[in-house]
Amino acid sequence: MTRLITSGFSHFILFIGILIMIVPVWMIFASSTHSGLTINTQGLQMFLGDSFYENYLRVLLYKGGFFKEITALKMFLNSFIMATGVAILSVITSLMAAYALVYFRTKYATLLFWMIFVTILVPLELRIFPTYSVMAELNLVNSYFGLIVPISASAIATLFFRQFYKTVPDELLESAKLDGANTWRFFIDFLLPLSKTMIVAMLIFMFVFGYNQYLWPLLVTSSEQYWTVVMGLKMMSGSIVHRFAFVMMSMVPPILIIIVLQKHFIKGVFQDK
Amino acid sequence: MSFLDLKNVTKIYPNGTKAVHETSLSINEGEFMVFVGPSGCGKSTLLRMVAGLEDITEGDINLDGQLINEVDPSERDVAMVFQNYALYPHMNVYNNLAYGLKNRGIDKETIEQKVNDAAKLLQISDFLQRKPSMLSGGQRQRVAMGRAIVRNPKIFLFDEPLSNLDAKLRIQMRLEIKKLQQKVGVTSIFVTHDQVEAMTLADRLAVINDGIIEQLGTPIEIYNNPKSLFVAGFIGSPQMNFLDANLNNKTLSAENFEIKNIESDYNGEVTLGIRPEHLIETENGLINLKVELVEQLGSDNLVYGQIKNIKDFCYRSPGNQTIKKGDNLSLNIEENKYYIFDKSTGKRVN
Ligand SMILES: Nc1ncnc2c1ncn2[C@@H]1O[C@H](COP(=O)(O)OP(=O)(O)O)[C@@H](O)[C@H]1O
Ligand SMILES: [Mg+2]
């Protein structure tokens, strides 16, 4: 009986928490389906209006920016390319870096690892000017390459993969060696499949990280053709309902990625155990 | 030159531990060799040097006429069964067995044939599609064996592969390993700290102590003729009884009995060793045992008791005798079935 009460109580608390988080999002969504006039005269709306298609289509296809040459659709594409690039590239580099740190007989592997690790303490903003000047010299300003590569080395992902590799028993490597596997095959045939779950988790994490970038894309792109969604959020002008619609849409890609990849993530967790 | 030749092999780990001391050993083709010794004596190290998983600090290892000191483990054509099996957790049983063959570039049909043959031999055909996590301990053990057999390597290496199994399964697998090895005929080295396992499996066994082979021989040779106190104490179950004694002019005097006409010219302090199974009850025997504990095994009894100041002296009596706590037994040693060791060096002197 007391258990029922406590569990009821904790559910109640959780429910309140969900409300606090959901309600503002819902209000933005509901408001984004009304006309600008309604919002301006009656304030934020709790219920759906009838201008959904009109507002969202206009936002997607409207040519904005100073030179009126970028649409929201293009921004989504840019953000998607950038986030995917960052996710894939940083997972690949961290997987390999961790492999070298754990499995190669490097004398100062631990020292090297900590040197990589302290870069977590150095935020992007601190190294943004040197990084920019490198990109400028290489003529990579205003390119996807320039958007993606400089932020695709992740100390955190390296840390996660390193810690995971350390839990892989030595006998597995030894056994694989005796079965004729070389260094490369051990990586491909063993470490990759074994870290599937963690790879998916890191892909999600790095996708969101890449998607959320603001300062770096702002700096490294001068052409509007390379604007991203997060930059667009800042640059948006126009009717409040259109801005709401844009905000709503900007949340979709990360959520979609999580939903799509989560399936593999959970499957991985249950299969490997 | 024999099939596997170890010449003055020494292993010093980077931290300075000297795990193997200038060990030399020859193993013939098809032979089942067992390394036995207490934990930490260097058995695994020796085995792993043969496999190529540890560098050889000094000395030479020849396998099938080829010096393999510098040969990569993947090129040595040896197979190893690990204590925890080290099965590939993300591959099903079929792929666990097939992996080594794939790496050798063998074609698909041949692989399938070989895997199926090995699976049949080990009775794991029904599990080929399962992941290792869905197998019992005994089945995993078989898969690990299968992975070794399927490659038909030059040599099998076993590093205490049975110690994770329960007692009954262990005895069963022990038998199967022996049968399998005889059938396949592959040269094998088996490492264990369990002397019963060692005795039952070995064609020849090497008793290792502190990185040194103390004695090398067939199980029965070593049982009948231990060359040192260590070997005598390690081989045989229950353990040999040891008594302090003095040897002077071919007469051995222990605390309360004497043995005359000993065949040894050694004079001085010695340790007398008597196996529990080499004692017989008689009237007016040499030894008077005051019984303190009886373990009834059915086939025989293990009788533990006290001789004067010596505790836990063991006598193995036939099972049909009823011996109780508090009894006084009079025992004799079977003709010449005693071992005398130099007390300071542990070397056998009779
Ligand atoms: N990687 C290692 N580094 C340092 N010392 C080791 C290492 N592996 C084993 N040793 C030491 O070498 C000795 C022999 O070890 P091992 O061959 O594993 O013994 P066994 O298999 O007979 O139990 C032990 O004293 C052990 O502590
Ligand atoms: Mg060992």
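Residues numbered from 1 in each chain as written. Chains lettered and ligands numbered in written order. Predicted model: local features only at pLDDT ≥ 70, side-chain atom pairs only at ≥ 80, totals over all residues. Heavy atoms only, no water.

Novice: Before we move on, could you go through the overall build of chain B and cite the residues and values that matter?
Specialist: Counting its secondary structure elements, chain B contains eight helices and 20 strands. Relative to its 350 residues, chain B shows a buried fraction of 53%. A sequence separation of at least 24 residues applies to 64% of the contacts in chain B between residues at least 6 apart. Total accessible area on chain B stands at roughly 16,200 Å², and carbon and sulfur atoms take up 44% of it. (Helix = DSSP H or I, 4+ residues; strand = E, 2+ residues; numbered from the N terminus. Buried < 20%, exposed > 50% of the residue type's maximum accessible area, 1.4 Å probe, protein only. Contact = heavy atoms within 4.5 Å. Areas by Shrake-Rupley, 256 points an atom, 1.4 Å probe, with all protein chains shown as cover.)

Novice: A description of the sheet that holds strand S2 (residues 18–27) of chain B should follow, citing residues and the corresponding values.
Specialist: Residue and element names in this part refer to chain B. Spatially, the four strands line up as an open sheet ordered S2-S1-S4-S5, and their pairing is antiparallel. Here the strands that pair on one side only, and so sit at the sheet edges, are S2 and strand S5 (66–67). When strand S1 (residues 4–12) meets S2, the two strands line up antiparallel, connected through six bridges. Bridge pairing links Ile12 to Lys18 in S2. Sheet strands in contact with helix H1 (residues 43–51) are S1, S2 and strand S4 (58–63), and its direction is about 120° off that of S1. (Pairing = 2+ DSSP bridges. Axes fitted to C-alpha atoms, helices over the stretch in contact; angles between N-to-C directions.)

Novice: I'd like to hear about the pattern of salt bridges, residue by residue, with values.
Specialist: Where charged atoms from two side chains of opposite charge approach closely, those side chains can pair. Residue and element names in this part refer to chain B. Taken as a whole, this structure holds 18 salt bridges over all chains when the rule is applied. A salt bridge links Glu31 to Arg204; the shortest N-O distance between them is 2.6 Å. With Glu31 in the loop between S2 and strand S3 (32–36) and Arg204 in strand S9 (residues 204–209), this pair connects stretches of sequence that are 173 residues apart. In this structure Glu31 comes out as buried when scored by relative accessible area, which is 9%. Of the residues examined, Arg204 reaches a relative accessible area of 19% and is grouped as buried. For Asp300, the salt bridge identified is with Arg316, shortest N-O distance 2.7 Å. Here Arg316 lies in strand S18 (residues 310–318) and Asp300 lies in strand S17 (residues 300–307), a separation of 16 residues in the sequence. (Salt bridge = Lys/Arg side-chain N within 4 Å of Asp/Glu carboxyl O.)

Novice: Run through the sheet that holds strand S16 (residues 287–296) of chain B, naming residues and quoting values.
Specialist: Residues and elements named next belong to chain B. Taken in spatial order, the five strands make up an open sheet running S15-S19-S16-S17-S18, and their pairing is antiparallel. At either margin of the open sheet sits one strand with a lone partner, and together these are strand S15 (279–281) and S18. Direction aside, neighbouring strands of the sheet carry axes that sit 50° apart on average. Relative to S17, S16 is paired through six bridges, and the arrangement is antiparallel. Residue pairing across strands places Val291 opposite Gly305, the latter belonging to S17.

Novice: Residue-level account of the interface of chain A and chain B, with values.
Specialist: Between chain A and chain B, the residue contacts involve 17 residues of the former and 24 residues of the latter. Carbon and sulfur atoms make up 56% of the surface buried where chain A meets chain B, a total of about 1,700 Å² over both sides. Among the residues chain A hides against chain B, the three largest losses belong to Glu174(A), Leu178(A) and Asp179(A). Together they make up 40% of the total. The interface formed by chain A and chain B holds two salt bridges in total. Note that Arg48(B) and Glu174(A) form a salt bridge whose closest N and O atoms lie 2.6 Å from each other. Where chain A meets chain B, there are nine residue pairs in polar contact (both at pLDDT 80 or more). Among the elements that make up the side of chain A that touches chain B, the one with the highest residue count is helix H9 (residues 170–178) of chain A (seven residues). Here the residues of the side of chain A that touches chain B are counted per class, giving seven nonpolar, two polar and eight charged. (Buried area = accessible area lost by both parts, 1.4 Å probe. Polar contact = N/O pair within 3.5 Å; in protein donor to acceptor, adjacent residues only side chain to side chain. Nonpolar A, V, L, I, M, F, W, Y, C, P; charged D, E, K, R; others polar.)

Novice: Describe helix H10 (residues 183–194) of chain A, naming the residues involved and giving the relevant values.
Specialist: The α-helix advances 3.6 residues per turn, and as a result positions three or four apart in sequence lie on the same side. For H10(A), which comprises 12 residues, the first-to-last C-alpha distance of 16 Å matches the rise-based estimate of 16 Å (1.5 Å per residue) to within 8%. For H10(A), the full list of buried residues reads Phe186(A), Phe187(A), Asp189(A), Phe190(A), Leu191(A) and Leu194(A). (Expected span 1.5 Å × (residues − 1).)

Novice: Any chance you could break down empty space enclosed by the protein for me, citing the residues and the numbers?
Specialist: For the structure on display, the rule yields one cavity of 30 Å³ or more. There is about 60 Å³ of room inside the largest cavity. Around the largest cavity, the lining residues are Ser175(A), Leu178(A), Asp179(A), Ala79(B), Met80(B), Tyr88(B), Ala144(B), Arg147(B), Ala148(B) and Arg151(B). Counting residues per element, the ones that place at least two in the lining of the largest cavity are H9 of chain A together with strand S6 (78–81) and helix H4 (137–149) of chain B. Examining the composition of the lining of the largest cavity, we find that three residues originate from one element, H4(B), more than from any other. Each residue belonging to the lining of the largest cavity can be placed in one class, and the counts come to six nonpolar, one polar and three charged. (1 Å grid on protein atoms, 1.4 Å probe; cavity = no way out; pocket = protein on both sides within 12 Å on 5 of 7 lines; lining within 4 Å. Points joined across faces, edges and corners; volume = space filled by probe spheres on them.)

Novice: Lay out the packing of helix H2 (residues 93–103) of chain B against H4(B) with the relevant residues and their values.
Specialist: Residue and element names in this part refer to chain B. Put simply, H2 and H4 touch, their axes get as near as 8 Å, and they point 25° apart. Taken together, the axes of H2 and H4 are roughly parallel relative to one another. For the pair H2 and H4, the sense of crossing is right-handed. Contacts between H2 and H4 involve Val93, Asn96 and Leu97 from the first element and Val143, Gly146 and Arg147 from the second. Looking at the contact of H2 with H4, its residues break down into three nonpolar, two polar and one charged. (Parallel < 35°, antiparallel > 145°, perpendicular 65-115°, else oblique. Left-handed = near helix turned anticlockwise from the far one by under 90°.)

Novice: Give a description of the pairing of S16(B) that names residues and reports values.
Specialist: Residue and element names in this part refer to chain B. Bridging between S16 and strand S19 (residues 328–333) involves four bridges; their strand directions are antiparallel. The residue bridging Ile287 from the neighbouring strand is Leu331, located in S19. Hairpin connection of S16 to S17: three residues between the antiparallel strands, including Gly298 at a positive phi of 90°.

Novice: Tell me what's going on with unusual backbone geometry, and back it up with residues and numbers.
Specialist: Residue and element names in this part refer to chain B. Residues Ser237 and Pro238 are joined by a peptide bond in cis, for which omega reads -5°. In this structure, Pro238 sits in the loop between helix H8 (229–234) and strand S11 (241–248). For Asp64, which is not a glycine, the phi torsion comes out positive at approximately 50°. By secondary structure assignment, the location of Asp64 is in the loop between S4 and S5.

Novice: Lay out the site of ligand 1 with the relevant residues and their values.
Specialist: Residue and element names in this part refer to chain B. Near ligand 1 the following residues occur: Tyr13, Asn15, Thr17, Ala19, Pro38, Ser39, Gly40, Cys41, Gly42, Lys43, Ser44 and Thr45. Take Cys41: an N or O atom from its main chain is 3.2 Å from an oxygen atom of ligand 1. One nitrogen or oxygen atom from the side chain of Ser44 is found 2.5 Å from an oxygen atom belonging to ligand 1. Burial of ligand 1 by the surrounding chains reaches 62%, relative to a free accessible area of 560 Å². Among the elements that make up the shell around ligand 1, the one with the highest residue count is H1 (three residues). Broken down by class, the residue content of the shell around ligand 1 amounts to four nonpolar, seven polar and one charged. (Near = heavy atom within 4 Å.)

In short, geometric facts, not functional conclusions.
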